[in-house]
Amino acid sequence: MKAITLALLLLTQLSIAADSKKRTDFSVMTYNLENLFDTKHDLGKKDWTYLPLRFKQSSKEVQAYCRELSQWYQKSCFELDWNQNVLDKKISNLAQVIRTHKDGADVLVFQEVENINALTQLVSKKLNGLGYREIVLIEGPDSRGIDVAIVSKFPLISKKYHQINLAPHSDRATRGILEAVFSVRGKSIAVMANHWPSQANSDLTRMQAAKVLLNAAAKVRADYVVAAGDFNTTTDDDINALKLKIEPAFIDTEIYGSAKSAPGTHWYKGEWESLDKIYLLKQKNNMTVSEHKIIFEKFMLKDEHWVDDETGARRFDSDIPNRFDPETGLGYSDHLPAVTTFRL
């Protein structure tokens, strides 16, 4: 019986190995994790809101910082208890979303990750067993400490950070573009992780980011270049950074195999936008898109009543992203992830 069992196990392993060699697809997921902070203060960063309440209440520095915030942010700064138990619930929920795409996409591109510690906890605790072998994060200058990150099932060849200077349109420090080149079935694929300035900034700031991205893509030594992330660009930007020379691999928001299409990746007061995108910027040989989708599962969504700022009228929307609630431990992110599967 043991011999039969061992033989079956060996055949299964050989079958998996053979199937892996035959595979020609390569999948990328981009997901804004919305404030994935660890529970410790990073020197020089304004991460005070996302710390354990006991520490915040005993720190004069934290209390002074909270008092300087607008009324909207003061409450969470003073009252949010961001402890390890809350963090564990957050990463568990995020992992549930990530795992909905088969066994996890080959490459994960994340935004709003505080540091390598928070990222490692997500991967090692909740994405273990999926085959992720590379974790890439280079600290940037964002004042709150949020960064972009890349996680991959394929071996890393090189990594580089491209800083974005917003001057003269803004003096704020922003997230740069993280470049990571991976070896994928005999090909080199560069993945560029993006988190461009938000809509609270001038359209020109996103134009600056686009120029840095295109320059980096032109210089990197790789057979293919894929750019993914939260580009924060809407269709009505006066100067639309995505119209420079960025050719989208696929930008339709239709959910394959579903009767209902996702209206976008981000909802805000009645408006949907596809802020999160994936692009094929450069290719040595033909690489096609076999699938593109937005993860839009019912468990990730909620219904919400909200007030229109312009009219004061009460509105209602169904099936919008269910943000993480630290008090209940329920919810995920204010963004939905997008996944593109390429065929080499």
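Scroll up for the structure.
This text gives an overview of the structure that appears in the document.

Some remarks on the overall build of the protein
Helix and strand content of the protein: seven helices and 15 strands. Residue burial in the protein is summarised as follows: out of 344 residues, 51% are buried. Summarising the internal contacts of the protein: among those between residues at least 6 apart in sequence, 71% fall at separations of at least 24.

Some points on the pairing of strand β7 (residues 187-195)
Most of β7 is tucked away, with eight of its nine residues classed as buried. Of the pairings in the sheet, the one linking strand β6 (residues 177-184) to β7 comprises seven bridges and is antiparallel in character. When the sheet's bridge partners are listed, E179 is paired in β7 with M192. As paired elements, β7 and strand β8 (residues 224-230) share seven bridges and run parallel to each other. Bridge pairing in β8 places A193 opposite A228.

Quick look at the packing of helix α5 (residues 84-98) against helix α6 (residues 116-126)
The contact between α5 and α6 brings their axes to 10 Å, and the two run at 65°. When you trace α5 past α6, the crossing you get is right-handed. The residues of α6 that touch α5, namely those facing Q84, L87, D88, I91, S92, L94, A95 and I98, are Q121, L122, K125 and K126. Partitioning the contact of α5 with α6 into residue classes produces six nonpolar, three polar and three charged.

Calculation notes
Counting starts from 1 at the beginning of each chain's written sequence and moves along it residue by residue. In keeping with the model being predicted, local features are shown solely for residues with a pLDDT of at least 70 and side-chain atom pairs are shown and tallied solely at 80 or more, while totals for entire chains, interfaces and linings include all residues. Only heavy atoms go into the side-chain values, all of them from the structure, while hydrogens and water stay out. Counting from the N terminus, the helices are the DSSP runs of H or I reaching at least four residues and the strands are the DSSP runs of E reaching at least two. Here the term buried applies to any residue with accessible area under 20% of the maximum for its type, exposed to any over 50%, and partly exposed to those in between, with areas from a 1.4 Å probe on protein chains only. Residue contacts follow a heavy-atom distance rule, with two residues in contact if any of their heavy atoms lie within 4.5 Å. For two strands to be treated as a pair, DSSP must find no fewer than two bridges joining them. Angular values range over 0 to 180 degrees, each being the angle between N-to-C directions of two axes fitted as lines to C-alpha atoms, with helices fitted over their stretch in contact. Handedness of a helix crossing follows the sense of rotation of the near helix relative to the far helix, less than a right angle counterclockwise being left-handed and clockwise being right-handed. The classification used treats Ala, Val, Leu, Ile, Met, Phe, Trp, Tyr, Cys and Pro as nonpolar, Asp, Glu, Lys and Arg as charged, and all other residues, Gly among them, as polar.

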